[in-house]
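Chain by chain, the residues run as shown.
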Amino acid sequence: MKNPYILTLALLLFFAGSLRAVTAWSQDANTPPADTPKTSEDADSKELAPPNEEALLVLQEARSRLLRYEFVQADLAQRISLGDFRFEATGKYYASHPFKTRLEYSVKLGEMEGVFLEVCDGQVLHTSRQITSASVGKKEDATPQIELTRRDIQKIINETNLHIDQPDAVRAAEIGIGGVPAILASLERVIIFDSIREEDEDGKPVIILQGRWNEEEKGKLLTGLGGLSSQVQQFLPDRVRVTFDKQTLFPQKFQYLKKLSEERSTYSPLLTVEFSNVVINEPIPVQRFTYIPPPGMEERDETDTFIKGIQDAAAASASPPAETKQE
């Protein structure tokens, strides 16, 4: 048996937006991975290219539009290739103005199944992460491992209003609010986007952004992971690519890419998240945004953690740059 931290990363760390480690679970090492062909990607820009201002503006406008749309719904699919593990996840995304979201997806690996659910009714955002074993005859394995959290997004928004002129604080707040805008806010925080281009995909114009890790933020992430950092680092992407529908700026695809060859500068996807059947501004039943925790279970409140993140981001933005001593 071994601990596949990579499965937890694929479920939560890459996609959920917060980029933090959570509990891993055991998986039989003999489970054969599904066959998934590798797709190499050619680099479109030099890895040390400067930030592209136009790319940043597209990313920010996409976030802004997502928060303004009255309704959004879409199917989602994830394809994950991490080490010897190949698996897929499917789910649904719903959003309604203001700040109502529902993101749900599940993934199976051998006898293990992980289910992620994030629901916000406009006041409180609830998150459920559930891990279940399908082992037969093992009662202890059949008991789901469930982690429940909550955060009061109205308190987060109120704190944000105190720092509305500081982009870093606003971005930290959007990460706390959840949904696809949180993913974009998180990427803006940790990725330096240095490339932008337009293409046609399936007869429709798209805008493609590509970028690399902000090394300072990457260092913070690895430091925060402590003893897990050495195992996690080998699965962190070298490049991130985001494809937007040019007309709506809805993000159709997220790709996290790992470099295969220094000589050829070719990349292979670690994780691809695609949205399909996107419907904008068609009413969604209010029940989609209702959540009741399982009986007898408590939710860990993360509100203060996100508020502190906003305050720290605001303080860092307000601090004057350190003076350089002159000899």
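Residues numbered from 1 in each chain as written. Predicted model: local features only at pLDDT ≥ 70, side-chain atom pairs only at ≥ 80, totals over all residues. Heavy atoms only, no water.

Draft legend 1. Fine view of the environment of Leu209. Among the structural elements, Leu209 can be located in strand β9 (residues 204-213). On the accessibility criterion, Leu209 (0% relative accessible area) is buried. Along the sequence, Leu209 and Val240 sit 31 residues apart, while their C-alpha atoms lie 8.2 Å from each other. (Helix = DSSP H or I, 4+ residues; strand = E, 2+ residues; numbered from the N terminus. Buried < 20%, exposed > 50% of the residue type's maximum accessible area, 1.4 Å probe, protein only.)

Draft legend 2. Quick look at the pattern of salt bridges. Under the criterion given, the structure shown has 17 salt bridges. Of the charged contacts, one joins Arg63 and Glu188 as a salt bridge, the two residues approaching to 2.0 Å between their closest N and O atoms. Separated by 125 residues along the polypeptide, Arg63 in helix α2 (residues 53-68) and Glu188 in helix α6 (residues 179-190) bring together distant segments of the chain. Take Arg63 and Glu188: they sit in the same class, and that class is buried. Between Asp301 and Arg150 there is a salt bridge whose closest N-O contact spans 3.3 Å. A residue pair is termed long-range when its members are at least 10 positions apart, and Asp301 in strand β13 (residues 300-301) and Arg150 in strand β7 (residues 145-152) qualify at 151 residues. For Asp301, a relative accessible area of 43% puts it in the partly exposed group. (Salt bridge = Lys/Arg side-chain N within 4 Å of Asp/Glu carboxyl O.)

Draft legend 3. Quick look at the pairing of strand β11 (residues 251-261). For β11, a buried count of 8 out of 11 residues is recorded, marking the element as mostly surrounded by other parts of the structure. With 6 bridges joining them, strand β10 (residues 239-245) and β11 adopt antiparallel strand pairing. Within β11, the position partnered with Arg239 by the bridge is Leu257. As consecutive antiparallel partners, β10 and β11 are separated by 5 residues, and within that stretch Leu249 has a phi angle of approximately 60°, a positive value. The sheet contact formed by β11 and strand β12 (residues 266-280) spans 8 bridges and is antiparallel. Bridge pairing links Phe254 to Val273 in β12. (Pairing = 2+ DSSP bridges.)

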